[in-house]
Amino acid sequence: MEYQHCNLNIWYHLPEEVWDKVPLVYEKMDGWLGFGTEERGEEGIPYWYNFDESKKSISASVEPSGLQFTAMMDANKWEEWITDFKKQATIILGFKVGDIEVGEVGYDIEWIR
């Protein structure tokens, strides 16, 4: 396993209607555990697979640069998972979701409906 990361164009300044749908995307993803609490993980942070980030795990946080994912996974499994996340997010949120840093999307939201 190795450290993985991704920065998606789901920005904190998007409308509340968009952010209300983000947990629906989280729940659709394989390995969904829920949000961290005082007892496990970091409070309010979404987790998949494990709350212990030194084991196979994925977590996300909202940063000024977008929704940032960090993971400890094999590269192939990570690519499958994050590709599915982007696909599900695009459908549910109504705009093309992609990794800004690798040029999948630009800084303007590309609404699909």
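Structure's up top.
The present account deals with the structure reproduced in this document. (Residues numbered from 1 in each chain as written. Predicted model: local features only at pLDDT ≥ 70, side-chain atom pairs only at ≥ 80, totals over all residues. Heavy atoms only, no water.)

Moving on, we come to helix α3 (residues 75–93). Between its terminal C-alpha atoms α3 stretches 26 Å, which fits the 27 Å expected from 19 residues at 1.5 Å a residue. By the burial criterion, the buried members of α3 are W78, W81, I82, F85, K86, Q88, A89, T90, I92 and L93. Backbone geometry just after α3 places G94 at a positive phi near 85°. (Helix = DSSP H or I, 4+ residues; strand = E, 2+ residues; numbered from the N terminus. Expected span 1.5 Å × (residues − 1). Buried < 20%, exposed > 50% of the residue type's maximum accessible area, 1.4 Å probe, protein only.)

Below, the discussion takes up the packing of aromatic side chains. Counted under the stated rule, the structure contains 15 aromatic pairs. Considering the side-chain rings of F69 and W81, the 5.7 Å spacing of their centres and the 65° angle between planes classify their relative orientation as edge-to-face. Residue F69 is found in strand β5 (residues 66–73), and its partner W81 is found in helix α3; the two are separated by 12 residues along the sequence. Since its relative accessible area comes to 0%, F69 is described here as buried. Aromatic side chains W81 and F85 sit 5.7 Å apart centroid to centroid with 20° between the ring planes, which places their arrangement in the stacked category. With W81 and F85 both in helix α3 and 4 residues apart, the pair spans about one turn of that helix. Connected via pairs of aromatic rings, a cluster forms that spans Y26, W32, F35, W48, F69, W78, W81 and F85. (Phe/Tyr/Trp six-rings, centres within 6.5 Å; stacked < 30°, edge-to-face > 60°.)

Even without being glycine, Y49 reaches a positive phi, approximately 75°. Within the secondary structure layout, Y49 lies in the loop between β3 (46–48) and β4 (57–63).

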